[in-house]
Amino acid sequence: MTFLGSAVRRLVSAVRPPLSPLCRTSSRSYSTEHTSEKSVPYEKTLKQEEGTYSGPTKPLPRSADAVVIGGGSIGCQTVYHLAKMGMTNVVLLDRDRLTAGTTWHTAGLLWQLRPSDVEVELLAHTRNVISKDLEEETGLHTGWIQNGGLFIASNKQRLDEYKRLMSLGKVYGIESYVLSPAETKDLYPLMNVDDLYGTLYVPKDGTMDPAGTCTTLSRAASARGATVIENCPVTGIQVRTDDLGVKKVKAVETPHGTIETPCVVNCAGVWATKLGEMAGVNVPLIAMHHAYVVTERIEGIQNMPNVRDHDASVYLRLQGDALSVGGYEQNPIFWEEVSDKFAFSLFDLDWDVFMQHIEGAINRVPVLEQTGIKSTVCGPESFTADHKPLMGEAPEVRGFFLGCGFNSAGMMLGGGCGRELAKWIIHGRPENDMYGYDIRRFHSSLTDNTRWIRERSHESYAKNYSVAFPFDEPLASRNMRKDPFHEVLTNEGCVFQERHGWERPGWFNKDGPAPVKDYDYYGAYNIKKNKNYKYTDLLGKEYTFDFPPHHDVIKSECLSCRNDVAVFNMSYFGKFYLTGPDAKEAADWLFSADVNKKPGSTVYTCMLNKRGGAEADLTVSRLEPGAAKLPLAPESDGNAYYLAIGGGVAEHNWNHIKAVIQDQGFRCQLTDHSEDMGMISIQGPKSREVLQEVLDTDLSNEAFPFSTHKLVKAAGYQVRAMRLSFVGELGWELHIPKDSCVPVYQAVMAAGAKHGIINSGYRAIDSLSIEKGYRHWHADLRPDDTPLEAGLAFTCKLKSSIPFQGRERLEKQKEEGLRRRIVCFTIDEKVPMFGLEAIFRNGVPVGHIRRADYAFFIDKTLGYGYIRNPDGGVVSADFIKTGDFALERMGVTYKAKAHLKSPFDPENKRVKGIYE
């Protein structure tokens, strides 16, 4: 028998200094052999005996409305929810038995609190399905055990993170408690609490059983008419091309027949990449070994909560009267050649890799040092670039949906994600904001880039248990997309952020350049770790829930814009042209605002889904008729449009527009010129004085009004100038052909020198824009928010008779009144907020902050959040005005003032150039 303590000593004695007392040799004699037993700790699995394979368990139908491929957690949850929503002609195919591949060996943990309101809702639905709904529907027990969850904090920052989760949990009615070390010891007597700062205890967390859950789901789905077929591998996906050149799913091929279907759902886990290749779809995930060990019986461990010791990167899952011990290491093993024959198999455990978890586990529960290891469980799991699943309709093929890449969280996210995926398939979009999981969050240039997939997936795996700080940035696969200003801004001290593969300016360091280096895998795999790395030093100073050390630098950038003039590089923006015979009709239907003003106009607008939710916000410029002058202008008959879209969501926007064009049959083209042009925005009271020296056109209010654009010369180079602002000041954007970017920028900086012009980054934009009350898509404006709820009714052409997507929903909402709406809050205390803070009205939770920042001009912390009426009634202006509001940050409550309008420049004078 192998003992945990002896495993640590053998493996580290040759390479590490002496262990702490908890890990030193006692008088007991230990085995020197590792256990060779490989088995999961579940009473039942669905593995079939050797030689019993006899072909499909049911005859294949000739056709189906949808075919779900993969019978693991997410596949079973998806077919269950599809059937429950009325799509009964649906088939689930698994090449072996249900749970084969990855689900069967999962630890099955469910933690209710995550640093995301969407994930909290997804987890809550999974818990309801597993603990309640399925048993009521089938009379079968899924194997759910509610033993609670305990998060360990060994430092203040970690406990602060847990307090943020606790505050968010209050909004959703999730019971949780921050415990002292002494209280933790009372709850878990076997735990070492000497090095603890505190813990977060969630009594209603628990564990799930893979076989019990998937079996019950399949029975419930079958009872509603779905067909579940095991022992039926998929050998091909047929794709057809329609008359408009659009690729669509046609059929699923197997050795036992072909199923005609317009919809395939790829829930194949580690094998999802191969399945995607059959249809010409990129599935950016990578397979790794992921392991845990199961201990022998431990006296006194019964009924203890599951434990996550994030700082030790280890979890302890209660397994009856034993524990399963696992975690996330910085040197995971990649599964280079994924085998199709790996159904209910396990790898041999690499103790050299796994030993770090044993050491952390013994430190936390010392009795483990003298506890035997009963078995090891090392199986394949799929991981992604940001440790989030891959979901939604693939950009390459209509009707091909993804439900894969769950990063070992497929059991706990399965219920919520299965429901949203079913709604996606049936209704065209999910109900929740699933952008963080949508495959379209990644740019198409990245999803087939092997280096990007491997590096980013490694980093996300290695940092899975790291504190989720608000301003963290990845180090892997940087410099994938660089705009023409990158070199000159690097030399100016730019500290870059990564978005959509682009390097965009974050803020400007006054101590010189801080370039991003090639990824060093944190020193794993014998790769030399980067030394004297200024960028990581600066990033490390961001690892706080207080104001960062360079808070005053961002303040300077913001106030320079408010008082003088600043230049922002916004080149990462998506830049699309919409042209063709039906471009005007398409624009009317796509955009909530009336963009068909006279040529030369620019309109801020939303794009909506069928439920009226905001799929995007962007500016649309109607172009003058004329011959093509690419990249600045396509050929136009007066009905051509230039779309400028936030660069981090450009792929999402591109695919939304393309899908609407295809679904409506519009004869028009969407072309992408994002890489062909740079864009700088010059903003502030002195921006007109600066640009009047650079541009060859009159910039007066009469000659160049707000929300208009012109082709002009800048320092002799042709550019498109737009009078717009993302920060609430007088200003212009210059959209510049890439070869002209640097000389135009240099001319602007030279003209602005006497006016105190400075470079500013997106950290300043974030602060300035929230101070003004401008929305950021996917923060305070999401697909589950309508423009009316978001205070953007002015972007909707409801006073006209022009139809547009989502109009009917908005008209109904306007008639019935708003049951939720966005509100601005300020507090007097000088404390930072980042979002997720609970909002209380008269002592009752009514919502949470979506987005927050420090507003330097008004000198207050400011946040926006959506609130509801606890009685379910309309959220009126009077409901807001008469409420006594407070915000809870990390367990501390602050009195808050609610504002119906932004407290900064509520009359909107500054963008008009009116400064008093």
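Up top is the structure.
Residues numbered from 1 in each chain as written. Predicted model: local features only at pLDDT ≥ 70, side-chain atom pairs only at ≥ 80, totals over all residues. Heavy atoms only, no water.

**With respect to the overall build of the protein**
Broken down by element type, the protein carries 20 helices and 39 strands. Taking 29 Å as the expected radius of gyration for a compact globule of 916 residues, we find that the protein reaches 28 Å, a close match to that expectation. Across its three principal directions, the C-alpha atoms of the protein cover 90 × 65 × 55 Å. Looking at the protein as a whole, 62% of its 916 residues qualify as buried. Long-range pairs, those at least 24 residues apart, make up 74% of the contacts in the protein between residues at least 6 apart in sequence. When the accessible surface of the protein is summed, it comes to about 33800 Å², and 48% of that surface belongs to carbon and sulfur atoms. Taking the 106 positively charged and 115 negatively charged side chains of the protein as two groups, their mean positions are separated by 3 Å. (Helix = DSSP H or I, 4+ residues; strand = E, 2+ residues; numbered from the N terminus. Rg over C-alpha atoms; globule rule 2.2 N^0.38 Å. Buried < 20%, exposed > 50% of the residue type's maximum accessible area, 1.4 Å probe, protein only. Contact = heavy atoms within 4.5 Å. Areas by Shrake-Rupley, 256 points an atom, 1.4 Å probe, with all protein chains shown as cover. Lys, Arg positive; Asp, Glu negative; His and termini not counted. Charge placed at Lys NZ, Arg CZ, Asp CG, Glu CD.)

**Describing the packing of helix 3 (residues 117-138) against helix 6 (residues 210-223)**
It is the contact of helix 3 with helix 6, at a shortest axis distance of 10 Å, that shows an interaxial angle of 45 degrees. In terms of orientation, helix 3 lies oblique with respect to helix 6. Helix-helix and strand crossings are classified by hand; for helix 3 and helix 6 the assignment is left-handed. Facing helix 3, whose interface residues are Val129, Ile130, Leu134, Glu137 and Thr138, helix 6 presents Thr213, Thr216, Leu217 and Ala220. Considering only residue class, the contact of helix 3 with helix 6 consists of five nonpolar, three polar and one charged. (Axes fitted to C-alpha atoms, helices over the stretch in contact; angles between N-to-C directions. Parallel < 35°, antiparallel > 145°, perpendicular 65-115°, else oblique. Left-handed = near helix turned anticlockwise from the far one by under 90°. Nonpolar A, V, L, I, M, F, W, Y, C, P; charged D, E, K, R; others polar.)

**Structural notes on the environment of Gly70**
Positionally, Gly70 belongs in the loop between strand 2 (66-69) and helix 2 (73-84). Given a relative accessible area of 10%, Gly70 falls into the buried group. With 28 residues separating them along the chain, Gly70 and Leu98 place their C-alpha atoms 7.9 Å apart. Setting aside its immediate chain neighbours within four residues, Gly70 contacts Gly75, Cys76, Leu92, Leu93, Asp94 and Cys267.

**Description of the packing of aromatic side chains**
Taken as a whole and assessed by the stated rule, the structure comprises 34 aromatic pairs. Here the aromatic cluster, defined as three or more aromatic residues joined through ring pairs, consists of Phe334, Tyr519, Tyr521, Tyr522 and Tyr525. Sitting above the plane of the Phe857 ring, Arg910 keeps its charged end 5.1 Å from the centroid. (Phe/Tyr/Trp six-rings, centres within 6.5 Å; stacked < 30°, edge-to-face > 60°. Lys NZ or Arg CZ within 6 Å of the ring centre and 35° of its normal.)

**Describing the pairing of strand 38 (residues 885-889)**
Most of strand 38 is tucked away: five of the five residues are buried. Residue alternation in strand 38 divides its side chains into two sets, Phe885, Leu887 and Arg889 and Ala886 and Glu888, and both sets are buried. The pairing of strand 35 (residues 838-841) with strand 38 spans four bridges and is classified as antiparallel. Bridge pairing in strand 38 places Ala838 opposite Glu888. Bridge count between strand 38 and strand 39 (residues 892-899): five bridges; the pairing is antiparallel. (Pairing = 2+ DSSP bridges.)

**Digging into the side chain of Asn596**
By the element assignment, Asn596 lies in the loop between helix 14 (583-590) and strand 25 (602-608). With a relative accessible area of 15%, Asn596 lands in the buried category. For Asn596, the side chain forms a polar contact with the side chain of Tyr641, separated by 2.3 Å. (Polar contact = N/O pair within 3.5 Å; in protein donor to acceptor, adjacent residues only side chain to side chain.)

**Examining the packing of helix 2 against helix 6**
In contact at an axis separation of 8 Å, helix 2 and helix 6 are set at 25 degrees when each is read in the N-to-C sense. Considering their axes alone, helix 2 and helix 6 lie roughly parallel with respect to each other. Two packed elements cross with a definite hand, and for helix 2 against helix 6 that hand is left-handed. Of the residues in helix 6, those touching helix 2 at Ser73, Cys76, Gln77, Val79, Tyr80 and Ala83 are Cys214, Leu217, Ala220 and Ala221. Its residues placed into classes, the contact of helix 2 with helix 6 shows eight nonpolar, two polar and no charged.

**So, the pattern of salt bridges**
Going through the model one piece at a time under the given rule, you end up with 55 salt bridges. Note that Arg297 is salt-bridged to Glu299, the shortest N-O span being 2.7 Å. For the salt bridge of Asp785 with Arg820, the shortest nitrogen-to-oxygen distance reads 3.0 Å. Of this pair, Asp785 sits in the loop between helix 18 (762-772) and helix 19 (807-816) while Arg820 is found in strand 34 (residues 820-827), placing the two residues 35 residues apart along the sequence. In this structure, Asp785 and Arg820 share a single accessibility class: buried. A network of salt bridges, in which partner residues are shared, links Asp117, Asp433, Arg782 and Asp784. (Salt bridge = Lys/Arg side-chain N within 4 Å of Asp/Glu carboxyl O.)

**Examining the sheet that holds strand 12 (residues 257-260)**
Across the sheet, which stays open at both edges, the three strands sit in the order 10-11-12 with antiparallel pairing between neighbours. Among the strands making up the open sheet, the edge pair consists of strand 10 (236-241) and strand 12. Neighbouring strand axes in the sheet, compared pairwise and without regard to direction, differ in orientation by 30 degrees on average.

**Concerning helix 19**
Every α-helical turn comprises 3.6 residues, leaving residues that sit three or four positions apart pointing alike. Arg807, Leu810 and Gln813 are the residues of helix 19 that are buried. Take helix 19 and look down its axis: the buried residues cluster within an arc of 125 degrees, on one side only. Exposed side of helix 19, more than 90 degrees from the buried face: Glu808 and Glu815 are the residues found there. In this structure, the buried side of helix 19 is in contact with strand 25. Just downstream of helix 19 lies Gly817, where phi reads positive at about 95 degrees. (Arc of directions from axis to C-beta.)

**Some thoughts on the environment of Glu336**
As for its position among the elements, Glu336 is in the loop between strand 17 (322-327) and helix 8 (351-364). Glu336 sits 564 residues away from Leu900 along the chain, and the two C-alpha atoms are 56 Å apart. A polar side-chain atom of Glu336 sits 2.7 Å from a polar atom in the side chain of Arg454.

**As for the pairing of strand 30 (residues 709-714)**
Across a regular strand the side chains alternate sides, sitting on one face of the sheet and then on the other. In the sheet, strand 30 pairs with strand 31 (residues 717-722) via six bridges, with the strands oriented antiparallel. Following the sheet pairing, Lys710 is matched in strand 31 by Ala721. Linking two consecutive strands that pair antiparallel, namely strand 30 and strand 31, is a turn of two residues; a positive phi of about 55 degrees is found at Ala715 within it.

**What about the side chain of Thr102?**
Along the chain, Thr102 turns up in the loop between strand 3 (90-93) and strand 4 (109-110). Apart from the residues within four sequence positions on either side, Thr102 is in contact with Val270, Trp271, Pro380 and Glu381.

Function cannot be read off these values alone, since they describe shape.
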